[in-house]
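Survey of secondary and tertiary structure
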Amino acid sequence: MPAGIGIAPSALLAILVALASYRLAARISELGLWHDGTAELAGRAVLSAAGQSDPTALLTSYPPLPYFLLILGEMLGRPLGLDPVALVDAVLLGGLAARYGGSLAERGASTGTIMLLVLLLAVHPLSISAVTQGPQALLLLWGGWVLGRSMMDTRTITGINETIALSLALPMLAMTSAQGAAITIGAIPFLIFAVPRDLAERHYVGTYLVLLFPLVLSVLSLFALFVIILHAPLAVIVGDIYHAVRGGTPPGWAIAALAPIATAAVATIAVLLSTMRTAPRALRESVAAGLASLMLASILVVATGIARHPGEVLVPALGLAAGVSTRWPVEKLSQAGLLILAGALVSAPVILGADVKANGLVAQAMAGRTGAMSADRALGRYLVGHRDVMIDALTHPAVVAARGSAEGLLTDRSPAFGVSVLAHRVLTPAVAVRAHRPGESDDAISRSMPNLFEQGPPGYRLAFDQGGWRVWARPERSKIP
């Protein structure tokens, strides 16, 4: 069948997938159900798009890829009245659905088969879970797809474009999240199986130099920025990973040993294709290399507690399964759909049983029920409509995300903020200050005025007091609803 026949229906389905994912993500955003990490990333994007972010924070941000995508979402979506996080979610999942359908059409798959496989990818429990977790999780879905496809193409086609794609996939994954960096580390030992055998045997060192050059260059560039700006090459990355590990509960190596088994179960089609005797040896070895990379990465992620919830560990495996299905024998592509469905049946109980809180997001969003409001979100919702409030927004970006805009806030980029901190007294109409939390450093306002939370500025009244946050305002402002 000509490739063009299947492209139009798959493109239409991809648009529907994008619209559905936008609706779900926008509902989650409206009800305040985003994960704390997603809310903080969204808040940083709001500040950057509004020009209220410190340039050093912009240049040394980690992970940079979802951060810059959210900045684009802010700049393009907010003027149109679109939720930026939901917009990025929709583009990522809809784009992958379109790419998947186009790849199947190029193989000559029938329209019905293309529609079935794209639909299975879209409604897969891991895809839905990724939408509820935000752009970082969806980038991991893309990462599994790109890693699997580039490994297969480099080994079987052996063109310069395929080699470039594989070498660029590694830094892309590393810049996605701490889990993406773990996948990059997991892939390095198996890269040798993604290149032609004769090339690997004759130029082992040179092969690794070519494949790892973009990754090494990207990492060294980041470190150079950290040294120049922060005088500490590992400060941001180590801090981000430490924060992720501290926020989770590393379950230990015993439970971590189950992660690769679950990964292989989700990517059942990869397991079968890598052992299919009728498939070319080069294809089998490259598929096995992609699967082994994700299995090793899953051990690292679960053992250290980097992943925000169990479903996120398995998301890249779904991307790999989709990529591998495009290499399944075309006359048996209907079997690929059954294998992806089998992976869904395996992953669904993991998501449902292992993380009740994360699983409840979809049900809560559909039912219109708000979750337990975090302290940062409560303050952000209170500040909607309030102006001239001094707050250390860079330290508390989730507040800005809940407010939906940085306009009217006096952040550290405003002269009033800087003068108040230097003078050790509040010179603004209102100030938001957070109580000291053990194990966490105070923000700039609390460091400058340690007793501000308890006593407030002279002549100010308490206008807001909830969840460890207080807003002190001049008497005429404390009456604002």
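As a starting point, this report considers the structure included with it. (Residues numbered from 1 in each chain as written. Predicted model: local features only at pLDDT ≥ 70, side-chain atom pairs only at ≥ 80, totals over all residues. Heavy atoms only, no water.)

1. Considering the overall build of the protein
- Of regular secondary structure, the protein possesses 26 helices and five strands.
- By the burial criterion, 52% of the 481 residues in the protein qualify as buried.
- A fraction of 72% describes how many contacts in the protein between residues 6 or more apart in sequence connect residues 24 or more apart.
- Summed over its atoms, the accessible surface of the protein is roughly 20600 Å², and 66% of this surface lies on carbon and sulfur atoms. (Helix = DSSP H or I, 4+ residues; strand = E, 2+ residues; numbered from the N terminus. Buried < 20%, exposed > 50% of the residue type's maximum accessible area, 1.4 Å probe, protein only. Contact = heavy atoms within 4.5 Å. Areas by Shrake-Rupley, 256 points an atom, 1.4 Å probe, with all protein chains shown as cover.)

2. Quick notes on the sheet that holds strand β4 (residues 461-466)
- Overall, mixed pairing links the five strands, which are arranged β2-β1-β3-β5-β4 in an open sheet. The sheet is open, and its two edges are formed by β2 (409-410) and β4, each paired on a single side.
- Pairing between strand β3 (residues 430-434) and strand β5 (residues 469-473): five bridges, direction antiparallel. Residue R434 lies in a different strand from β5, and its bridge partner there is W469. (Pairing = 2+ DSSP bridges.)

3. Here's the deal with the pattern of salt bridges
- Under the definition given, this model contains nine salt bridges.
- Measuring nitrogen to oxygen at the nearest pair gives 2.4 Å for the salt bridge that ties D153 to R327. Separated by 174 residues along the polypeptide, D153 in helix α8 (residues 135-156) and R327 in the loop between α18 (310-325) and α19 (333-354) bring together distant segments of the chain. For the pair D153 and R327, one class covers both residues: buried.
- One salt-bridge network, held together by shared partners, links R155, R197, R281 and E285. (Salt bridge = Lys/Arg side-chain N within 4 Å of Asp/Glu carboxyl O.)

4. Details of the pairing of β5
- In terms of burial, β5 is a largely internal element, five of the five residues being buried.
- A two-sided burial pattern is seen for β5, the buried positions comprising W469, V471 and A473 on one face and R470 and W472 on the other.
- In this structure, β4 lies alongside β5, joined through five bridges in antiparallel fashion. Within β5, the position partnered with D465 by the bridge is R470.
- The hairpin turn running from β4 into β5, its antiparallel successor, is two residues long, and G467 in that turn takes a positive phi close to 60°.

5. A short note on α8
- An ideal rise of 1.5 Å per residue puts 32 Å on 22 residues; α8 measures up with 31 Å between its terminal C-alpha atoms.
- Burial analysis of α8 places 21 of its 22 residues in the buried class, which makes it a mostly covered element. (Expected span 1.5 Å × (residues − 1).)

6. Quick notes on the packing of α8 against helix α10 (residues 178-187)
- α10 packs onto α8 with a crossing angle of 20° between their chain directions and a minimal axis gap of 11 Å. In terms of axis orientation, α8 runs roughly parallel to α10. In this structure, α8 crosses over α10, and the sense of that crossing is right-handed. Together, L140, L147 and M151 of α8 and Q179, G180, I183 and A187 of α10 make up the contact between the two elements. (Axes fitted to C-alpha atoms, helices over the stretch in contact; angles between N-to-C directions. Parallel < 35°, antiparallel > 145°, perpendicular 65-115°, else oblique. Left-handed = near helix turned anticlockwise from the far one by under 90°.)

7. Description of helix α4 (residues 64-77)
- The end-to-end C-alpha separation of α4 is 19 Å, in line with the 20 Å expected for 14 residues at 1.5 Å each.
- Among the residues making up α4, those that are buried are P64, P66, Y67, L70, I71, G73, E74 and G77.
- Looking at the buried residues of α4, the elements they touch are α2 (36-49), α3 (55-59), α5 (84-106) and α8.

8. Some points on the environment of P9
- Counting through the fold element by element, P9 comes out in helix α1 (residues 3-30).
- Of the residues examined, P9 reaches a relative accessible area of 23% and is grouped as partly exposed.
- Taking C-alpha positions, P9 is 9.2 Å from G112, a pair spaced 103 residues apart along the chain.
- Among residues more than four places away in sequence, those in contact with P9 are T111 and M115.

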